[in-house]
Amino acid sequence: MQRVLSGAAARVATPEARSWVCRRRGAHQRAGPVSLGHGWVGGGLGLGLGLVLGAKLAGGLRGATPAMPSGTSDPEPAPPAEPLLDPTLFPTAGPPQTPALPCAGRFARAIESSRDLLHRIKDEVGAPGIVVGVSVDGREVWSEGLGYADIENRVPCKPETVMRIASISKSLTMVALAKLWEAGKLDLDTPVQHYVPEFPEKEYEGEKVSVTTRLLISHLSGIRHYEKDMKKVKEEKAYKALIMTRGTLASDQEKEFKEKGSKSNEKEDFVKAKTEPDSEARGRHSKPGKKKNDFEQGELYLKEKFENSIESLRLFKNDPLFFKPGSQFLYSTFGYTLLAAIVERASGYKYLDYMQKIFHDLDMLTTVQEENEPVIYNRARFYVYNKKKRLVNTPYVDNSYKWAGGGFLSTVGDLLKFGNAMLYSYQAGLFKNSHEDLLPGYLKPETMVMMWTPVPNTEMSWDKDGKYAMAWGVVEKKQTHGSCRKQRHYASHTGGAVGASSVLLVLPEELDAEAINNKVPPRGVIVSIICNMQSVGLNSTALKIALEFDKDRSD
């Protein structure tokens with residue numbers, strides 16, 4: 001018996017066995033060496049442990065269930081059988097993921113439901129890795145990584161994983177503009193040439209027009225996005241307008257069109273016209289159309305290093321405006337490149353230096369501009385599926401031309417801090433009378449109200465119920481019928497970059513005069529999600545998660 005137990009102990013202690021144990025651990029955990037005491041090889045103690053092990057093994061076999069086939073995952077696994085050995089030495093098997101933060105049991109249901117949803121989304125789109133963070137009333141209650149930040153080296157995602165946040169960078173840039181506006185250093189309605197004379201004055205259809213900072217912020221300037229063909233852009237806008245018109249027609253009118261067999265261009269448009277959403281808004285089920293999407297545009301893959309925002313203007317400053325400023329919404333990352341130049345001139349600092357000061361103030365210590373040379377701890381790799389449906393690394397890109405509109409790296413934790421700072425500033429005015437010692441927000445309440453007020457003639461491509469405001473998409477509170485769908489007020493911004501998708505969503509609490517007395521801001525739920533694969537629509541997922549946590553906090 002002693003020889004048998006000693007042999008078993010030796011097999012357990014082999015590097016291969018320990019390696020198997022390590023591989024079966026959770027994504028972020030480090031498997032330490034299995035420590036075997038002298039009792040394993042001792043006579044009497046070894047025999048005693050052998051008897052205990054035998055009893056445990058017998059019990060485990062009686063309660064065992066058939067193993068899942070290799071390569072499959074159970075989103076809701078059955079409770080594990082009683083462990084044969086110390087569970088700290090042999091943890092339960094599972095896909096790579098990080099554990100949730102210790103939090104009150106009141107959110108256990110929301111966490112379980114949201115984790116299952118993210119697993120489903122991740123599996124559905126084939127994303128290598130995804131990281132989520134949730135805060136409730138200013139406190140981070142859950143952050144977790146699923147899958148891998150680096151496929152080749154099997155580096156798991158974790159809350160500290162750093163990824164491209166893409167167009168959420170626009171919301172960060174808006175804070176810089178807002179601070180300058182509050183300080184009286186920036187006039188939002190003055191032509192941009194006042195600050196950046198390098199940007200030429202513009203005409204539209206022979207008429208001299210003005211491009212202002214306010215129009216740039218809300219994508220109403222007419223400056224192009226990545227698509228250079230004005231005709232294609234205008235055709236797409238016409239198709240979208242037609243589809244929206246179709247949505248307002250009554251069903252009997254549509255039947256009438258079909259019964260009459262109209263061959264007019266209008267009906268042909270109804271049947272054939274399809275829209276291709278921009279990269280920041282492409283949903284999980286969207287199919288590629290004939291029109292090129294942003295990920296097929298060459299400028300998205302620029303490898304040239306630009307020293308400053310002024311130098312980046314040469315990419316688009318001499319191109320004609322696609323629309324008359326103020327008349328139509330045209331999402332434009334290049335517009336934010338011009339805004340970065342305005343920040344530099346109005347502040348007297350380089351854009352990145354000014355932004356780093358803001359990040360320091362907001363305690364966003366892991367948020368930096370993306371550059372290839374610096375060593376950035378916990379930076380993920382980025383992936384895309386090629387034409388053969390194989391997962392491959394994305395090509396190298398240099399985002400220095402669009403840091404303001406889509407060039408920052410961050411973590412879900414930093415994005416939660418940013419969201420809470422915005423929510424606090426938004427709500428601080430409501431609490432001022434009942435809490436005289438309340439600290440001021442990073443921005444003034446009236447500034448946040450302006451930023452989160454929908455702007456006419458705009459679109460929120462990632463949620464048709466909303467409008468674009470000032471570097472945020474906003475959905476307003478609405479309920480048309482009793483006991484029917486209730487539309488909650490929230491603000492969000494999505495992001496789509498080469499090999500990355502992201503979202504930051506803020507769901508404020510619906511406050512009334514009585515509720516304010518015993519509470520302090522921020523009040524609400526904030527969700528941030530980042531993913532290291534492009535073209536993954538995440539806004540609806542973030543909203544579902546926010547509502548799950550809001551339900552638990554209300555209960």
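Residues numbered from 1 in each chain as written. Predicted model: local features only at pLDDT ≥ 70, side-chain atom pairs only at ≥ 80, totals over all residues. Heavy atoms only, no water.

Engineer: An account of the pairing of strand 1 (residues 129-136) is requested, with residue identities and associated values reported.
Structural biologist: Where a strand is regular, its side chains alternate between the two sheet faces. For strand 1, the buried fraction is high: eight of the eight residues fall into the buried class. With burial as the criterion, each face of strand 1 is covered, one bearing Gly129, Val131, Gly133 and Ser135 and the other bearing Ile130, Val132, Val134 and Val136. Pairing between strand 1 and strand 2 (residues 139-150): eight bridges, direction antiparallel. Counted as the bridge partner of valine 136 is arginine 139 from strand 2. With seven bridges connecting them, strand 1 and strand 15 (residues 524-531) associate as antiparallel partners. Along strand 15, the bridge assignment pairs valine 136 with valine 525. (Buried < 20%, exposed > 50% of the residue type's maximum accessible area, 1.4 Å probe, protein only. Helix = DSSP H or I, 4+ residues; strand = E, 2+ residues; numbered from the N terminus. Pairing = 2+ DSSP bridges.)

Engineer: So what's going on with the confidence of the model for the protein? Residues and values would help.
Structural biologist: Residues at a pLDDT of 70 or more form 71% of the protein, whose mean pLDDT is 80. In this model, residues 8-94 is a region of pLDDT below 50 whose contacts with residues beyond four sequence positions or in other chains number 62 contacts. Across residues 257-291, confidence stays below pLDDT 50; counting only partners more than four residues off in sequence or on other chains, it has 60 contacts. (pLDDT = per-residue confidence, 0-100. Contact = heavy atoms within 4.5 Å.)

Engineer: Would you mind going over the pattern of salt bridges in detail, with residue names and values included?
Structural biologist: Considering all chains together, one arrives at 29 salt bridges under this definition. Between arginine 109 and glutamate 548 there is a salt bridge, with its nearest N and O atoms 2.6 Å apart. Placement of arginine 109 in helix 4 (residues 108-125) and of glutamate 548 in helix 17 (residues 539-554) is noted, with a sequence separation of 439 residues between them. Using a relative accessible area of 36% as the deciding quantity, one classes arginine 109 as partly exposed. Using a relative accessible area of 24% as the deciding quantity, one classes glutamate 548 as partly exposed. Linking glutamate 207 and lysine 324 is a salt bridge whose minimum nitrogen-to-oxygen distance equals 3.7 Å. You can see glutamate 207 sitting in strand 6 (residues 207-209) and its partner lysine 324 sitting in the loop between helix 10 (309-312) and helix 11 (333-347), a full 117 residues away along the chain. Residues joined in a network through salt bridges with shared partners are Asp137, Lys486, Arg488, Glu509, Glu510, Lys519, Arg523, Asp550 and Arg553. (Salt bridge = Lys/Arg side-chain N within 4 Å of Asp/Glu carboxyl O.)

Engineer: Describe the packing of aromatic side chains, with residues and values.
Structural biologist: Tallied over the entire structure, the rule returns 15 aromatic pairs. Plain terms: the ring middles of tyrosine 226 and phenylalanine 334 are 5.7 Å apart, the flat faces sit at 70° to each other, and that makes the pair edge-to-face. Within this pair, whereas tyrosine 226 is found in the loop between helix 6 (213-217) and helix 7 (230-248), its partner phenylalanine 334 is found in helix 11, the two being separated by 108 residues in sequence. Where phenylalanine 329 meets tyrosine 468, the ring centres are 5.8 Å apart and the plane angle is 50°; that geometry is what we call tilted. One end of the pair, phenylalanine 329, is in the loop between helix 10 and helix 11; the other, tyrosine 468, is in strand 11 (residues 467-468), with 139 residues separating them in the sequence. (Phe/Tyr/Trp six-rings, centres within 6.5 Å; stacked < 30°, edge-to-face > 60°.)

Engineer: Mind laying out the sheet that holds strand 15, listing which residues take part and the relevant values?
Structural biologist: The strand order 3-2-1-15-14-13-12-11 describes an open sheet built from eight strands, whose pairing is antiparallel. Where the open sheet ends on each side, the last strands, each with one partner, are strand 3 (155-156) and strand 11. Where strand 12 (residues 473-475) meets strand 13 (residues 490-497), three bridges bridge the pair, whose relative direction is antiparallel. Residue pairing in the sheet places valine 474 in a bridge with alanine 491 of strand 13. Packed onto the sheet, helix 4 meets strand 1, strand 2 and strand 15 and runs at close to 25° relative to strand 2. Contacts between helix 5 (residues 168-182) and the sheet are confined to strand 11, strand 13 and strand 14 (500-508), with strand 13 contributing the most and set at about 125° to the helix. (Axes fitted to C-alpha atoms, helices over the stretch in contact; angles between N-to-C directions.)

Engineer: Kindly report on the sheet that holds strand 7 (residues 368-369), identifying the contributing residues and their values.
Structural biologist: Spatial ordering of the open sheet is given by 4-10-7, a layout of three strands whose pairing is antiparallel. Either end of the sheet is taken by a strand with one partner, and the two such strands are strand 4 (163-164) and strand 7. The pairing of strand 7 with strand 10 (residues 408-410) spans two bridges and is antiparallel. Residue glutamine 369 lies in a different strand from strand 10, and its bridge partner there is phenylalanine 408. Of the strands in this sheet, strand 7 and strand 10 touch helix 12 (residues 351-361), which is tilted by about 20° from strand 10.

Engineer: An account of the nonpolar core is needed here, citing residue identities and associated values.
Structural biologist: Ranked by size, the top nonpolar core spans 123 residues in total, and within it Val134, Leu338, Met422, Met451, Trp472, Ile529 and Phe549 carry the most contacts. At nine residues, the largest contribution of residues to this core is made by helix 11. (Core = buried A, V, L, I, M, F, W, Y, C linked by side-chain atoms within 4.5 Å.)

Engineer: For helix 17, give the residues involved together with the corresponding values.
Structural biologist: Note: α-helices contain 3.6 residues per turn, so residues at a spacing of three or four share the same orientation. Between its first and last C-alpha atoms helix 17 spans 22 Å; for 16 residues at 1.5 Å apiece the expected length is 22 Å, and the two agree. Residues of helix 17 that are buried include every one of Asn539, Thr541, Ala542, Leu543, Ile545, Ala546, Phe549, Asp550, Asp552 and Arg553, and no others. Contacts from the buried residues of helix 17 go to helix 4, strand 1, strand 2, strand 13, strand 14 and strand 15. (Expected span 1.5 Å × (residues − 1).)

Engineer: Describe in detail the pairing of strand 14, supporting the description with residues and values.
Structural biologist: Of all nine residues making up strand 14, nine are buried, and the element is well covered by its neighbours. Burial of the side chains of strand 14 extends over both faces: Ala500, Ser502, Leu504, Val506 and Pro508 are buried on one face and Ser501, Val503, Leu505 and Leu507 on the other. As defined by bridge partners, strand 13 adjoins strand 14 across seven bridges and the pair is classed as antiparallel. Residue pairing for strand 14: alanine 491 is matched across the bridge by valine 506. Between strand 13 and strand 14, which pair antiparallel and follow one another directly, the connecting turn spans two residues, one of which, glycine 499, has a positive phi of 75°. Across eight bridges, strand 14 lies against strand 15 in antiparallel orientation.

Engineer: Please set out the packing of helix 5 against helix 12 residue by residue, giving values where relevant.
Structural biologist: Between helix 5 and helix 12, the shortest axis-to-axis distance is 10 Å and the interhelical angle comes to 90°. In terms of orientation, helix 5 lies roughly perpendicular with respect to helix 12. Residues Leu172, Thr173, Val175, Ala176, Lys179 and Leu180 of helix 5 form the contact with helix 12, whose participating residues are Tyr351, Tyr354, Met355, Ile358 and Phe359. Residue composition of the contact of helix 5 with helix 12, by class: nine nonpolar, one polar and one charged. (Parallel < 35°, antiparallel > 145°, perpendicular 65-115°, else oblique. Nonpolar A, V, L, I, M, F, W, Y, C, P; charged D, E, K, R; others polar.)

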